[in-house]
Amino acid sequence: MSATRWNLVVSQSTKIAVRRFLASQGGGRRGDVSRFVEEAVRIRILELTVAQAKAANADVEPHVLNAAIDEALASTKDSSKN
């Protein structure tokens, strides 16, 4: 995987909290903060994507939504057999 360098500005209290947390987990090694930030960003993107999908489908009847999900899953299973 290719890496990209980011320069981030966070509050002193956030920096201390992250470093204390990592140290309590046996961390504190080189790259631990980067891995922590990357995981946090991925989780936040997933949370926002889920919220966006929920909002977009708020007016859809549950049985219609479940049928669409079942159809998509069946289609995925069928295409993976090929």
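Placed above this text is the structure.
What you see is a predicted model, and the numbers here were worked out from it, not measured in a lab. (Residues numbered from 1 in each chain as written. Predicted model: local features only at pLDDT ≥ 70, side-chain atom pairs only at ≥ 80, totals over all residues. Heavy atoms only, no water.)

Visitor: I'd like to hear about the overall build of the protein, residue by residue, with values.
Guide: Scanning the protein for helices and strands turns up 3 helices and 0 strands. When the helices and strands of the protein are placed in sequence order, the string is α-α-α. Computed over C-alpha atoms, the radius of gyration of the protein comes to 20 Å, more than 25% over the 12 Å expected from 2.2 N^0.38 for 82 residues, which places it beyond the range of a compact globule. When its C-alpha atoms are laid out on the principal axes, the protein stretches across 50 × 35 × 25 Å. Within the protein, the proportion of its 82 residues that are buried is 4%. (Helix = DSSP H or I, 4+ residues; strand = E, 2+ residues; numbered from the N terminus. Rg over C-alpha atoms; globule rule 2.2 N^0.38 Å. Buried < 20%, exposed > 50% of the residue type's maximum accessible area, 1.4 Å probe, protein only.)

Visitor: Summarise the packing of aromatic side chains; cite the residues concerned and give the values.
Guide: Here the structure, examined in full by the defined rule, presents 1 aromatic pair. Ring geometry for Phe21 against Phe36: centres 5.9 Å apart, planes inclined by 55°, an arrangement best described as tilted. Within this pair, whereas Phe21 is found in helix 1 (residues 12-24), its partner Phe36 is found in helix 2 (residues 32-56), the two being separated by 15 residues in sequence. For Phe21, a relative accessible area of 41% corresponds to the partly exposed category. (Phe/Tyr/Trp six-rings, centres within 6.5 Å; stacked < 30°, edge-to-face > 60°.)

Visitor: Got a sec to walk through the pattern of salt bridges? Specific residues and values, please.
Guide: Counted according to the given criterion, the structure contains 3 salt bridges. With a closest N to O distance of 2.5 Å, Asp32 and Arg35 form a salt bridge. Remark: Arg35 and Asp32 occur in helix 2; sequence separation between them is 3 residues, near one turn of the helix. Put simply, Glu47 and Arg44 hold a salt bridge, and the shortest N to O gap is 3.4 Å. Placement of the pair is Glu47 and Arg44 together in helix 2, with a separation of 3 residues, close to one helical turn. (Salt bridge = Lys/Arg side-chain N within 4 Å of Asp/Glu carboxyl O.)

Visitor: Give me the lowdown on the packing of helix 1 against helix 2, citing residues and values where you can.
Guide: In helix packing, the relevant descriptors are the interaxial angle and the interaxial distance, both defined with respect to the helix axes. Relative orientation of the contacting elements helix 1 and helix 2 amounts to 105°, with a least axis distance of 11 Å. With respect to helix 2, the axis of helix 1 lies roughly perpendicular. In this structure, helix 1 contributes Val18, Arg19, Phe21 and Leu22 to the contact, and helix 2 contributes Asp32, Val33 and Phe36. (Axes fitted to C-alpha atoms, helices over the stretch in contact; angles between N-to-C directions. Parallel < 35°, antiparallel > 145°, perpendicular 65-115°, else oblique. Contact = heavy atoms within 4.5 Å.)

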